[in-house]
Amino acid sequence: MYGLAVSCLGAGTVLGGLLAIPLAAGTVAMALYTTLPLCVALGADLPLLLAGHVLGGAAIAFWSVMWATSVQTHTPPGVLNRVTAYELAGSVSGIALGQILAGLATALASPSRLLLVSAGACLVGCAALFAIPAIRTLHRAAPTHNGAGPTAVRVGR
């Protein structure tokens with residue numbers, strides 16, 4: 001019994017460590033996003049469906065904050081606008097491409113199967129992010145002052 005308790009302590013320690021690393025914590029949150037398409041694909045009862053949507057919404061919001069914070073605090077100010085523009089263009093074009101291909105996809109597979117593929121693709125993407133050492137080890141940037149105000153945003157306390 002005590003061994004199980006100590007194992008849970010270890011799991012909590014890993015989770016706490018990940019929460020201290022912005023992009024790694026955001027990636028954990030994005031993995032939790034898969035509860036949303038899985039609940040729909042598996043025909044979950046209403047309470048579980050609602051819980052999956054709450055968890056999915058929280059996950060995507062947390063990822064968004066961690067991503068924006070990391071980009072803003074680790075990108076040199078002189079190229080921040082360009083980096084943000086490329087990131088937004090990629091995101092928007094990805095949404096448009098998905099909408100274009102949605103009709104074809106539903107002709108080839110059932111909506112439930114497509115949602116399962118969606119959840120799997122999300123998990124594969126999160127695993128790929130964790131495979132990149134720079135993402136796993138990216139730490140919060142310390143605020144610096146150059147007379148014009150802070151150039152980094154502090155995350156957490």
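Residues numbered from 1 in each chain as written. Predicted model: local features only at pLDDT ≥ 70, side-chain atom pairs only at ≥ 80, totals over all residues. Heavy atoms only, no water.

## A few points about the environment of Ala58
Threshold: Secondary structure is summarised from DSSP: a helix means a run of H or I of at least four residues, a strand means a run of E of at least two, and numbering begins at the N terminus for each.
Among the secondary structure elements, Ala58 is positioned in helix H4 (residues 46-74). Separated by 28 residues in sequence, Ala58 and Met30 have C-alpha atoms that sit 9.3 Å apart.

## Observations concerning the nonpolar core
In plain terms, the rule: Joining through side-chain atoms within 4.5 Å is the link that ties buried Ala, Val, Leu, Ile, Met, Phe, Trp, Tyr and Cys residues into a set, and such a set is a nonpolar core. Whether a residue is buried, partly exposed or exposed follows from its accessible area with a 1.4 Å probe, protein chains only, as a fraction of its type maximum: under 20%, in between, or over 50%, in that order.
Leu23, Met30, Trp63, Cys122, Cys126, Ile135 and Leu138 together form the largest nonpolar core, which totals seven residues. Mapped onto this core, the elements with two or more residues apiece are helix H2 (22-33) and helix H6 (111-130).

## Comments concerning the confidence of the model for the protein
What counts is decided by this rule: The predictor attaches a confidence to each residue, and that confidence, scored 0 to 100, is pLDDT. A contact between two residues is defined here by any heavy atoms of the two lying within 4.5 Å.
For the protein, per-residue confidence averages 81 on the pLDDT scale, and residues scoring 70 or more make up 77% of the total. Here helix H1 (residues 2-19) is the element of the protein with the lowest mean pLDDT, 61, and H6 is the one with the highest, 92. Contacts from residues 152-157, a stretch scored under 50 in pLDDT, to residues over four places away or in other chains number 12 contacts.

## What to know about H2
Let me state the cut-off plainly: The length a helix should cover is 1.5 Å for every residue beyond the first.
Here H2 contains 12 residues, and its C-alpha end-to-end distance of 17 Å stays within 8% of the 16 Å for a straight helix at 1.5 Å per residue. Inspection of H2 places Pro22, Leu23, Ala24, Ala25, Gly26, Thr27, Ala29 and Met30 among the buried residues, and these make up the whole buried set.

## Points about the side chain of Thr75
Residue position: Thr75 is located in the loop between H4 and helix H5 (77-108). Once you skip the residues sitting within four places of it in the chain, Thr75 turns out to touch Leu80 and Val83.

## Observations concerning the state of the cysteines
To be explicit about the condition: Two cysteine sulfur atoms form a disulfide, by the criterion used here, when they sit within 2.5 Å.
What the rule picks out here adds up to zero disulfides. Free of any disulfide, Cys122 has its nearest neighbouring cysteine sulfur in Cys126, separated by 4.4 Å. Residue Cys126 is classed as buried on the basis of its relative accessible area, which comes to 6%.

## Observations regarding H4
The end-to-end C-alpha distance of H4 is 42 Å, a good match for the 42 Å that 29 residues give at a rise of 1.5 Å each. What H4 keeps buried is the set Gly52, Gly56, Ala59, Trp63, Met66, Thr69, Ser70, Val71 and Thr73. Against the buried residues of H4 lie H2, helix H3 (35-41), H5 and H6.

## A closer look at the layout of surface pockets
Condition: In this analysis a 1.4 Å probe is tested at points of a 1 Å grid over the protein atoms alone, and where it fits but cannot get out there is a cavity; an open set with protein on both sides within 12 Å along at least five of seven lines is a pocket; lining residues have an atom within 4 Å of a point. Grid points are joined across faces, edges and corners, and a volume is the space filled by probe spheres set on the points. Any residue outside Ala, Val, Leu, Ile, Met, Phe, Trp, Tyr, Cys, Pro, Asp, Glu, Lys and Arg is labelled polar, Gly included; the first ten of those are nonpolar and the last four are charged.
In this structure, the largest pocket encloses a volume near 750 Å³. Together, 23 residues line the largest pocket, and Met30, Tyr33, Ile95, Ser118 and Cys122 are the ones closest to its centre. When residues of the lining of the largest pocket are traced back to their parent elements, those giving at least two are H2, H4, H5 and H6. Ranked by the residues each element gives to the lining of the largest pocket, the list is headed by H6, at 10 residues. Residue composition of the lining of the largest pocket, by class: 14 nonpolar, eight polar and one charged.

## A short note on the packing of H4 against H5
As a reminder, the rule being used: The convention used is that axes are lines fitted to C-alpha atoms, helices contributing only their stretch in contact, and that angles between N-to-C directions extend from 0 to 180 degrees. Any angle that falls under 35 degrees is termed roughly parallel, while one over 145 is termed roughly antiparallel, one within 65 to 115 roughly perpendicular, and all others oblique.
Remark: H4 packs on H5, axes separated minimally by 10 Å, with the N-to-C direction vectors making an angle of 150°. The angle between H4 and H5 falls in the class roughly antiparallel. On H5, the residues that touch Trp67, Val71 and Gln72 of H4 are Leu80, Val83, Thr84 and Glu87. Here the residues of the contact of H4 with H5 are counted per class, giving four nonpolar, two polar and one charged.

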